[in-house]
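Summary of the model geometry
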Amino acid sequence: MILYNKTKNIVVSDKLKIANNFINRFLGLIPKKKLEESECLMITNCPAVHSCFMRFTIDVVFVSKENKVLDIVRMKPWRFSKFYDSKYAIEFNSGFVYGKISIGDEVEVK
């Protein structure tokens, strides 16, 4: 899958995976030792995330029902995000999204 930023007219990631069942949502990135540079994980129906048991720092993009970016949060291991009125959250390598996604941008999955 591809994550596309409509506002900036760029492909953010061509390595998007979707966690849309209980096991995938529950585990998220916990089993991974690292992500490839542009790899990311979209967690559906996700108002908040945690980074417990994670081995690396991530950036989390929270996206509204209208596909607008609500916030971008850097999370070290063993942290909890605040709750958002989000449709989904997308987890990236720390630092990867800056310049590619900004708060207020409209994103879509292709």
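A brief look at the structure comes next.

Cut-offs applied
- Residues numbered from 1 in each chain as written.
- Predicted model: local features only at pLDDT ≥ 70, side-chain atom pairs only at ≥ 80, totals over all residues.
- Heavy atoms only, no water.
- Helix = DSSP H or I, 4+ residues; strand = E, 2+ residues; numbered from the N terminus.
- Rg over C-alpha atoms; globule rule 2.2 N^0.38 Å.
- Buried < 20%, exposed > 50% of the residue type's maximum accessible area, 1.4 Å probe, protein only.
- Contact = heavy atoms within 4.5 Å.
- Areas by Shrake-Rupley, 256 points an atom, 1.4 Å probe, with all protein chains shown as cover.
- Lys, Arg positive; Asp, Glu negative; His and termini not counted.
- Charge placed at Lys NZ, Arg CZ, Asp CG, Glu CD.
- Disulfide = S-S within 2.5 Å.
- Phe/Tyr/Trp six-rings, centres within 6.5 Å; stacked < 30°, edge-to-face > 60°.
- Lys NZ or Arg CZ within 6 Å of the ring centre and 35° of its normal.
- Salt bridge = Lys/Arg side-chain N within 4 Å of Asp/Glu carboxyl O.

Moving on, we get to the overall build of the protein. Along its length, the protein carries one helix and eight strands. Traced from its N-terminal end to its C-terminal end, the protein shows the element sequence β-β-β-α-β-β-β-β-β. Computed over the C-alpha atoms, the radius of gyration of the protein is 12 Å, within 12% of the 13 Å expected from 2.2 N^0.38 for a compact globule of 110 residues. For the C-alpha atoms alone, the extent of the protein along its principal axes is close to 35 × 30 × 25 Å. The burial tally for the protein puts 44% of its 110 residues in the buried class. For the protein, the proportion of contacts with a sequence separation of at least 24, taken over those separated by at least 6, is 63%. Put simply, the protein shows about 6,100 Å² of open surface, and 56% of that area lies on carbon and sulfur atoms. Averaging the coordinates of the 18 positive side-chain charges in the protein and doing the same for the 12 negative ones gives two points 5 Å apart.

For the structure on display, the rule yields zero disulfides. With no disulfide of its own, Cys46 lies 13 Å from the sulfur of Cys52, the closest cysteine sulfur. The class for Cys46 is buried, based on a relative accessible area of 3%. We classify Cys52 as buried; its relative accessible area is 10%.

Another point: the packing of aromatic side chains. Enumeration over the complete set of coordinates arrives at four aromatic pairs. Relative to Phe96, the ring of Phe92 has its centre 6.0 Å away and its plane inclined at 20 degrees; by these criteria the two rings are stacked. We note that Phe92, like Phe96, is buried. Above the plane of the ring of Phe96 lies Lys100, whose end atom (NZ or CZ) is 4.3 Å from the centre. Over the aromatic face of Tyr4 sits the side chain of Lys110, whose NZ or CZ is 4.1 Å from the ring centroid.

Enumeration according to the criterion identifies eight salt bridges in this entry. Two residues, Lys65 and Asp85, come together in a salt bridge whose shortest N-O distance is 2.9 Å. Residue Lys65 is found in the loop between strand S5 (58-63) and strand S6 (69-75), and its partner Asp85 is found in the loop between S6 and strand S7 (88-93); the two are separated by 20 residues along the sequence. Under the relative-accessibility criterion, Lys65 is labelled exposed at 52%. Several salt bridges converge on common partners, so that one network encompasses Lys17, Lys32 and Glu39.

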